[in-house]
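Topology and contacts: notes
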Amino acid sequence: MTTSRRSFLQLALAGGASLPTLNLMSGIATAASSSDPIVIGHQADLTGGISSWGYWLDKSARAAVDHINANGGVAGREIKYVAEDSESNPPSGARKFRSLVQRSKADFVIGAVHSGVNLATCPIAKELKTLYIPNGMAEEMTGSSGNRYVFRTGSDTYSQAAAGAKWAAEQLGKTWTFIFADYGWGWSHFNEHKKVLESIGATVNPPIAVPLDAKDMLPYLAKVPENTEVLYSLFFGSQSVAFYTQANSMGVNKRTKLYSVICGHEAISPADLGGASEGAHLLEYLPRQLKHQDTEYNRKIRELMKVDPVNGQEEGSNRIIAGSHYWATWEAVFFIKEAVEKSGWRTKKDTPEVIKALEGMSVEESLAHPQGAKTIRAEDHKAIIDFKMSKVQDGKIEMLHAIPAKDIVQFFPPRVDFTKENV
Amino acid sequence: MTGGSFSSTRWAVGGLLGLFAAVIGYGVWLEDFQRSFLAEILVWGVFALSVSLVFGVGGMLSFAQALYFGAGCWGYNVAVFAYGLSGWAPVVAGVGAALAFAIPTGFIATRVRQHHTLIVTIILSVLVSTILASGHWRWIAGPYVTRSLPEAPTLPLGALTIDYADEMSAFLATATLVLGACLLAMLLIRSPFGLALKAVRENETKAAMLGYDVRLLRWLMFVAAAGFAGFAGVLYLMLSRYSNLEFFDWTYSGRAVVMAALGGLGTLIGPFVGTAVYLTAAEHLSRYYEHFMILVGILLLVLVRFMPDGLWGGAIRILSIRFSR
């Protein structure tokens, strides 16, 4: 984002004046030819609620583009990367998607990690006939709210429940209580897990939904029933810190086993929690520590991200990597490259061919796919990925064992079939 | 409209039609992204207009407008998803839901005065959005609000059918519907009801002594303004095919208050000018500078300091002084 002072002032002035300047920024649309750069847009959450994650998704996508451009491009063509800020806000995010497609002429768009932004964008992606790869965790994008133009390269609540709940129920205990932030994301986790747990005969206590603005967790922690063996928590940022510290001071973590997905620890170091989350089990999608998946590919991508191998802290800043999410945009750029090359895509009107190429595409673990081998399921466009079961030990997130995709895929069958839709 | 020498209704309607003709012409000439952006400005402008009515004309600083914007989305989607309706029926349902919801909530909000209105409306907003987001009550709004429309909406118009899937049609339909809302707002402001309300705003005791039912007038205005907010919700949903529980949040009301104040409270065109400036500034700046909100904030402070009656209100004032010389 380098803008000279003078040009910046001009922009500020152009922005300050109203309607008559709307058209100043527009370029003249030119017909794309097959030697022009391929434009990949990124609807990135650079400011607002989820920007601590958005930062990494942008950095990683940018690194992938630079790497590909330095190594011959896509089918001999250069990639032009354009990021616009979603402001972590659905109406702005949807507008930025339009801007990327119509103003910056993006051929493909990588989406925000904010699910609300993703859900606002899915219908527009279909109408503008643009391939869209959202990064939010809500199941709906590759379910009831998705369509043929929407693909997922990361994970979602549906597959997360399938990946972790069964093992956790067998190893940690059969009686579960859920405590979570009282909005869509928390309820989605509760509902998906409840289905899996009840199907294997585990008991699920009534949920404890905590209002979003509650900082004092004690009244809610006091409601955790005595018979609870596993306490599943799902909070964000400062509420996550409040949950772990207060659960620790009340000794709830002594009488129950804590289990959750990585999200409550994402972009946060266990050390920042002062050891309060010690002993908690976490479902990761790519280990925070390099040593647990120490491949040449992960070494390379972490080197590009400039993070240390243990805590994932960025060189020269206090940022902690969103380790289970950042790789999804890196891989999204490579999935686009592979599908373009496989389908012979030349201009945007060939996008249906890219969609068909992606449906059912399998890739091996490689620099392009450092998280591991995976398949994009044709029906619901969801990447079927490996998970890891980890535990907080001595202030570090240590992996216990890998959960291969083939062992869990039967627990989350597709709920939709986009291949029946026309493109 | 507050505008001294421009106040004859015929002039005002003519001016409004001329202005909209210019805006529509401009939109048709624009490129696709800018055209849909302009449509979005018009829609959020109607939302800001509801603030201009309830606060600028009615003297009630309401932070509950987002509730009615959300209720508009809810009503529309209930009609679509629960009853399988299409065309104009969901539009009517959306506005109807906002009006119906404003009757009891407006009754509570209009019992108090000045800053108490602000406090009560914020409490109402937080209360309602907490209830709607909570798992126990999620069945009320969850299945309807947090859903995208599967298909672009269509509006039958005599022999014609306006299809929102076509961006030009969507723009023209939105602009025309916004024009309709503006004409209605103008009638409301200039009607005996609007004038009586002005009297209430200026001096409640005097108005009461003249025989006006102050409570009823304020309540009616609150409900009417909520109808405009609900209509904005419907227009936004049709344009974007999307709504979310977030739309009920009082911070969205705050944004509308800023947009209306920026353009000129109590005026008809001001809210649209304010919305255009706010969104255009945010849109351009955010493409080049991540912390653009700081600049938008400074811009707002400068404008509020030097043009307290807003950009449009200020322009009208300056013009009036000129012409009356």
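Residues numbered from 1 in each chain as written. Chains lettered and ligands numbered in written order. Predicted model: local features only at pLDDT ≥ 70, side-chain atom pairs only at ≥ 80, totals over all residues.

Across its full length, chain B holds 14 helices and two strands. Against the 2.2 N^0.38 benchmark of 20 Å for 325 residues, chain B shows a C-alpha radius of gyration of 19 Å, consistent with a compact globule. Dimensions of chain B, computed from the C-alpha atoms along their principal axes, are close to 55 × 50 × 45 Å. Across the 325 residues that make up chain B, the buried fraction comes to 51%. Counting contacts in chain B only where the partners sit at least 6 residues apart, residues at least 24 apart contribute 74% of the total. (Helix = DSSP H or I, 4+ residues; strand = E, 2+ residues; numbered from the N terminus. Rg over C-alpha atoms; globule rule 2.2 N^0.38 Å. Buried ≥ 20, exposed ≤ 12 C-beta atoms within 10 Å, placed from the backbone. Contact = placed C-beta atoms within 7 Å.)

Turning next to the domain arrangement of chain A. Residue and element names in this part refer to chain A. For chain A, the domain assignment lists domain 1 (35-155 + 325-384) and domain 2 (158-284 + 388-410). Each of domain 1 and domain 2 has a C-alpha centre, and these two points are 29 Å apart. Between domain 1 and domain 2, the residue contacts involve 10 residues of the former and 10 residues of the latter. Among the residues forming the side of domain 1 that touches domain 2, the class breakdown is three nonpolar, four polar and three charged. (Domains from an automatic or database assignment. Nonpolar A, V, L, I, M, F, W, Y, C, P; charged D, E, K, R; others polar.)

Right, let's talk about the UniProt feature "transmembrane region" (unreviewed entry) in chain B for a bit. All names here are of chain B. Residues annotated by UniProt as "transmembrane region" (unreviewed entry) correspond here to residues 12-29, 41-68, 88-110, 117-140, 170-189, 216-239, 259-281 and 288-307. As annotated, residues 12-29 has a helix share of 100% and a strand share of 0%, and its two end C-alpha atoms lie 26 Å apart. Helix and strand shares over residues 88-110 are 91% and 0% respectively, and the end C-alpha atoms of the span are 31 Å apart. (UniProt positions renumbered as here; feature names shortened; annotations may be inferred.)

All names here are of chain A. Along the polypeptide, Thr142 turns up in the loop between strand S4 (131-133) and helix H5 (157-172). The buried category is assigned to Thr142, around which 27 C-beta atoms lie within 10 Å. Along the sequence, Thr142 and Glu379 sit 237 residues apart, while their C-alpha atoms lie 9.1 Å from each other.

Once that is clear, we can look at the nonpolar core. In this structure, A:Ile40 and B:Val46 are the most contacted members of the largest nonpolar core, which totals 229 residues. Considering every element that reaches this core, the biggest residue donor is helix H10 (residues 214-240) of chain B, with 18 residues. Counting contributing residues, this core receives three or more from each of domain 1 (35-155 + 325-384) and domain 2 (158-284 + 388-410) of chain A. Not counting chain neighbours up to four residues away, the residues in contact with A:Ile40 comprise A:Val65, A:Ile79, A:Tyr81, A:Ala106, A:Asp107, A:Phe108, A:Ile110, A:Val333 and A:Ile336. (Core = buried A, V, L, I, M, F, W, Y, C linked by C-beta atoms within 7 Å.)

Following the sequence through the fold, B:Thr176 ends up in helix H7 (residues 167-190). Residue B:Thr176 is classed as partly exposed on the basis of its C-beta count, with 15 C-beta atoms lying within 10 Å.

Model confidence for chain A is summarised by a mean pLDDT of 88, while 92% of its residues fall at 70 or above. Contacts from residues 1-31 of chain A, a stretch scored under 50 in pLDDT, to residues over four places away or in other chains number 34 contacts. (pLDDT = per-residue confidence, 0-100.)

Below, the discussion takes up the UniProt feature "domain: Leucine-binding protein" (unreviewed entry) in chain A. The feature "domain: Leucine-binding protein" (unreviewed entry), as annotated in UniProt, sits at residues 37-395 of chain A in this numbering. Helix and strand shares over residues 37-395 of chain A are 38% and 17% respectively, and the end C-alpha atoms of the span are 46 Å apart.

Attention now moves to the sheet that holds strand S1 (residues 38-44) of chain A. All names here are of chain A. One open sheet accounts for four strands, arranged S2-S1-S3-S4; its pairing is parallel. In this open sheet, the two edge strands, each paired with only one partner strand, are strand S2 (79-85) and S4. On average, each strand axis in the sheet is inclined to that of its neighbour by 20°, with strand direction left out of account. Where S1 and strand S3 (residues 108-110) come together, three bridges link them in parallel fashion. Within S3, the position partnered with His42 by the bridge is Ile110. Along the sheet face, helix H2 (residues 51-70) touches S1, S2 and S3 and points at about 170° away from the line of S2. (Pairing = 2+ DSSP bridges. Axes fitted to C-alpha atoms, helices over the stretch in contact; angles between N-to-C directions.)

Residue and element names in this part refer to chain A. Here strand S5 (residues 175-181) lies mainly inside the structure; six of its seven residues are buried. Here S5 runs beside strand S8 (residues 230-234); their pairing, made up of five bridges, is parallel. For Phe178, the partnering residue across the bridge sits in S8 and is Tyr232. Two strands pair when backbone bridges link them, and S5 and strand S7 (residues 208-210) are joined in this way by three bridges, in the parallel orientation. Paired with Ala181 across the bridge in S7 is Val210.

What follows deals with the sheet that holds strand S12 (residues 374-376) of chain A. Strand pairing in a sheet is mediated by backbone hydrogen bonds. Such pairs are either parallel or antiparallel. Residue and element names in this part refer to chain A. Overall, antiparallel pairing links the three strands, which are arranged S11-S12-S13 in an open sheet. Edge positions in the sheet fall to strand S11 (362-363) and strand S13 (383-384), since each has one partner strand and no second. Sheet analysis places S12 next to S13, joined by two bridges and oriented antiparallel. From the neighbouring strand, Ile376 faces S13, where its bridge partner is Ala383.

Here the focus is the environment of A:Phe108. All names here are of chain A. Position of Phe108 among the secondary structure elements: in strand S3. Given 28 C-beta atoms within 10 Å, Phe108 falls into the buried group. Sequence separation of Phe108 and Arg255 is 147 residues, and the distance between their C-alpha atoms is 50 Å. With sequence-adjacent residues up to four places away left out, Phe108 is seen in contact with Ile40, Leu131 and Ile336.

Let's shift gears to the packing of helix H1 (residues 9-29) of chain B against H7(B). All names here are of chain B. For the pair H1 and H7, the least separation of the axes is 11 Å and the interaxial angle reads 165°. Relative to H7, the element H1 lies roughly antiparallel. Helix-helix and strand crossings are classified by hand; for H1 and H7 the assignment is right-handed. The segment H1 lies against H7, with Thr9, Ala12, Val13, Leu16, Phe20, Val23, Ile24 and Gly27 engaging Phe171, Leu172, Ala175, Leu179, Cys182, Leu183, Met186 and Arg190. Here the contact of H1 with H7 is built from residues that sort into 13 nonpolar, two polar and one charged. (Parallel < 35°, antiparallel > 145°, perpendicular 65-115°, else oblique. Left-handed = near helix turned anticlockwise from the far one by under 90°.)

This part covers helix H3 (residues 90-103) of chain A. All names here are of chain A. End to end, H3 covers 19 Å across 14 residues, agreeing with the expected 20 Å (1.5 Å per residue, within 8%). With 14 of 14 residues buried, H3 is to be regarded as a mostly interior element. Of the residues trailing H3, Lys105 is marked for its positive phi of about 55°. (Expected span 1.5 Å × (residues − 1).)

Now for the confidence of the model for chain B. Residue and element names in this part refer to chain B. Here chain B averages 88 in pLDDT, while 96% of its residues score no lower than 70. Low confidence marks residues 1-6, where pLDDT is under 50. Its contacts with residues over four positions away, or in another chain, come to 19 contacts. Across the interfaces of the predicted complex, the ipTM metric reaches 0.81, alongside a pTM of 0.84.

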